[in-house]
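Reading the structure
Okay, here's what each chain looks like letter by letter:
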Amino acid sequence: MDIRDVFGKNLKHYRLKSGISQEALAANMGVDRAHVSAMERGQQNVTIITLWHAALALDVKPMALLDDEREED
């Protein structure tokens, strides 16, 4: 699986688990909601800084967003 897809699925998983909208996550990360949407769909190459901001906003370790073995809930 493409790492962008892995990141996107995990980003969406942890966002929904946190109970926040794409808009709220985007505001916490300092990006546009459309950027969050594109990331969740695996259409965005993210920088390490974006990865870090996403992890901080979701209160998870950065590696959690790259875990390709995370079991679906």
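See the structure printed just above.
Below, the structure is looked at part by part. Here the structure is a predicted model, which is why all the values come from computation and not from measurement.

Cut-offs applied
- Residues numbered from 1 in each chain as written.
- Predicted model: local features only at pLDDT ≥ 70, side-chain atom pairs only at ≥ 80, totals over all residues.
- Heavy atoms only, no water.
- Helix = DSSP H or I, 4+ residues; strand = E, 2+ residues; numbered from the N terminus.
- Contact = heavy atoms within 4.5 Å.
- Buried < 20%, exposed > 50% of the residue type's maximum accessible area, 1.4 Å probe, protein only.
- Core = buried A, V, L, I, M, F, W, Y, C linked by side-chain atoms within 4.5 Å.
- Polar contact = N/O pair within 3.5 Å; in protein donor to acceptor, adjacent residues only side chain to side chain.

1. Here we look at the environment of tyrosine 14
- Along the chain, the position of tyrosine 14 falls in helix H1 (residues 3-18).
- Placed 39 residues apart in sequence, tyrosine 14 and histidine 53 show a C-alpha to C-alpha distance of 13 Å.
- Among residues more than four places away in sequence, those in contact with tyrosine 14 are Leu58, Val60, Ala64, Leu65 and Arg70.

2. Here we look at the side chain of glutamine 22
- Take glutamine 22: it is sitting in helix H2 (residues 22-29).
- Using a relative accessible area of 17% as the deciding quantity, one classes glutamine 22 as buried.
- With residues up to four places along the chain from it excluded, the contact list for glutamine 22 reads Arg15, Arg33, Val36, Ser37 and Glu40.

3. Looking at the nonpolar core
- If you look at the biggest cluster of nonpolar residues, it comprises 15 residues, and the most contacted ones within it are Phe7, Leu11, Leu58, Val60 and Leu65.
- Looking at this core, the elements that each hand over two or more residues are H1, H2, helix H3 (33-40) and helix H4 (48-58).
- Among the elements that make up this core, the one with the highest residue count is H4 (four residues).

4. Here we look at H3
- Among all positions of H3, only Val36, Ser37, Ala38, Met39 and Glu40 are buried.
- Its buried side turned inward, H3 meets H1, H2 and H4.
- One side-chain oxygen at the N-terminal end of H3 lies 2.8 Å from the backbone nitrogen of alanine 34; it belongs to aspartate 32.
- A positive phi of about 75° marks glycine 42, the residue just after H3.

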